[in-house]
Amino acid sequence: MFDTLIVSSILYLEKNFFRKKEQNMEFYKYHSLGNDYLIYDCNKNQEALDKEKIVKLCNRNYGIGADGIVEGPYKKEGKMYVKVYNADGSEAEQGGNAIRIFAHYLKTIKEVQSESFSLYTKGGEVKLRFLNREGTRIQMTMGQLSFDSEKIGLTGPKREALHEYFNFGGEEYACTCVSVGNPHCVIITDEISRAKVCAIGKYSEVADYFPERINTQIVKVLDKNNIQIEIYERGVGYTLSSGTCSCAAAGAAYRLGLIDSDVMVHTPGGKLWTQIDENFNVKMIGSVKGICRIELFEDFFRQI
Ligand SMILES: N[C@H](CCC[C@H](N)C(=O)O)C(=O)O
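Description of the structure in this document. Computed from a predicted model, the values in this text were never measured in an experiment.

1. Notes on the layout of surface pockets
In this structure, the largest pocket spans a volume of roughly 270 Å³. Class assignment of the residues belonging to the lining of the largest pocket gives a composition of 5 nonpolar, 2 polar and 3 charged. For the second largest pocket, the calculated volume is near 200 Å³. Taken together, 13 residues line the second largest pocket, and the ones lying closest to its centre are Gln23, Asn24, Met25, Glu47 and Glu298. The residue makeup of the lining of the second largest pocket, split by class, is 5 nonpolar, 4 polar and 4 charged.

2. As for helix H6 (residues 243-255)
The end-to-end C-alpha separation of H6 is 18 Å, in line with the 18 Å expected for 13 residues at 1.5 Å each. The opening residue of H6, the one whose side-chain oxygen lies 3.0 Å from the backbone nitrogen of cysteine 245, is serine 242. Looking at the residues trailing H6, positive phi occurs at glycine 257, about 75°.

3. Re unusual backbone geometry
The omega torsion across glycine 72 and proline 73 is -5°, close enough to zero to call that bond cis. The phi torsion at lysine 110 lies on the positive side, around 60°, for a residue other than glycine. In this fold, lysine 110 is placed in the loop between helix H3 (96-108) and strand S6 (116-121). Despite not being glycine, phenylalanine 280 shows a phi value in the positive range, around 65°. Relative to the helices and strands, phenylalanine 280 resides in the loop between strand S16 (270-276) and strand S17 (281-287).

Procedures and definitions
- Residues numbered from 1 in each chain as written.
- Predicted model: local features only at pLDDT ≥ 70, side-chain atom pairs only at ≥ 80, totals over all residues.
- Heavy atoms only, no water.
- 1 Å grid on protein atoms, 1.4 Å probe; cavity = no way out; pocket = protein on both sides within 12 Å on 5 of 7 lines; lining within 4 Å.
- Points joined across faces, edges and corners; volume = space filled by probe spheres on them.
- Nonpolar A, V, L, I, M, F, W, Y, C, P; charged D, E, K, R; others polar.
- Helix = DSSP H or I, 4+ residues; strand = E, 2+ residues; numbered from the N terminus.
- Expected span 1.5 Å × (residues − 1).
- Polar contact = N/O pair within 3.5 Å; in protein donor to acceptor, adjacent residues only side chain to side chain.

As structure tokens, then:
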């Protein structure tokens, strides 16, 4: 009797006072021109993410709120891998703003000391270069744009879909489809607005032409070195900015002969500089801003 009492007391004390408190999930929130992401460092957190958790975390009313989550760095054979998740929990092949945000995070935690380095996403290698001491201005080499319908995941015969007509929501649009590692549908237009890109994007994102779904941009050519875009991202919806969407918009306009190779992309959230070479390799430069560190309550995912 007395022994049982001692054992149960020790177990109670161990459970409530001595066991190291399970670390709650910790996130860092950043944005690049209003395209905001949570960083989930898999080496500092024990709990695994899944689609349901990502959706709850990115919800702007019931969660932290973000356009997506970047998880990593997973280290393997001297390389660092990251996963880019959209707010709907889907994993993207690539992310321009998302990866630059992650690069800045790695610099702040001194995981990276060099001026330039590579990260690996589902879509392959991307090269990053810090352009200032704080690591808030970052150049990213995104790799080669492709207009190949098969790389984009566009149904129908293998082709380049340049100024090809598609029907979204009962309206016909002349589209140029391009892959930046992730798929994009670009529409050149004179009338540009949030309302217009949302009216198109809610149909184009899930159109049968694109079994893997698609990111949609409408583009107004201001002059040979400036374009204005509005964005409807796959797995997110309307966003204020997007690195891959900016590169896709510039790449499509350049392929159509509408602009020069160096172009400033004006997004609602700010400006992203892009450069396309003769082989359609694209690089971009943009800023990153830290917002906060967040520790989740341990019962956040518990149903109320
Ligand atoms: N929504 C995109 C991924 C994020 C793109 C954008 N936010 C960026 O960081 O470049 C997709 O599903 O392909």
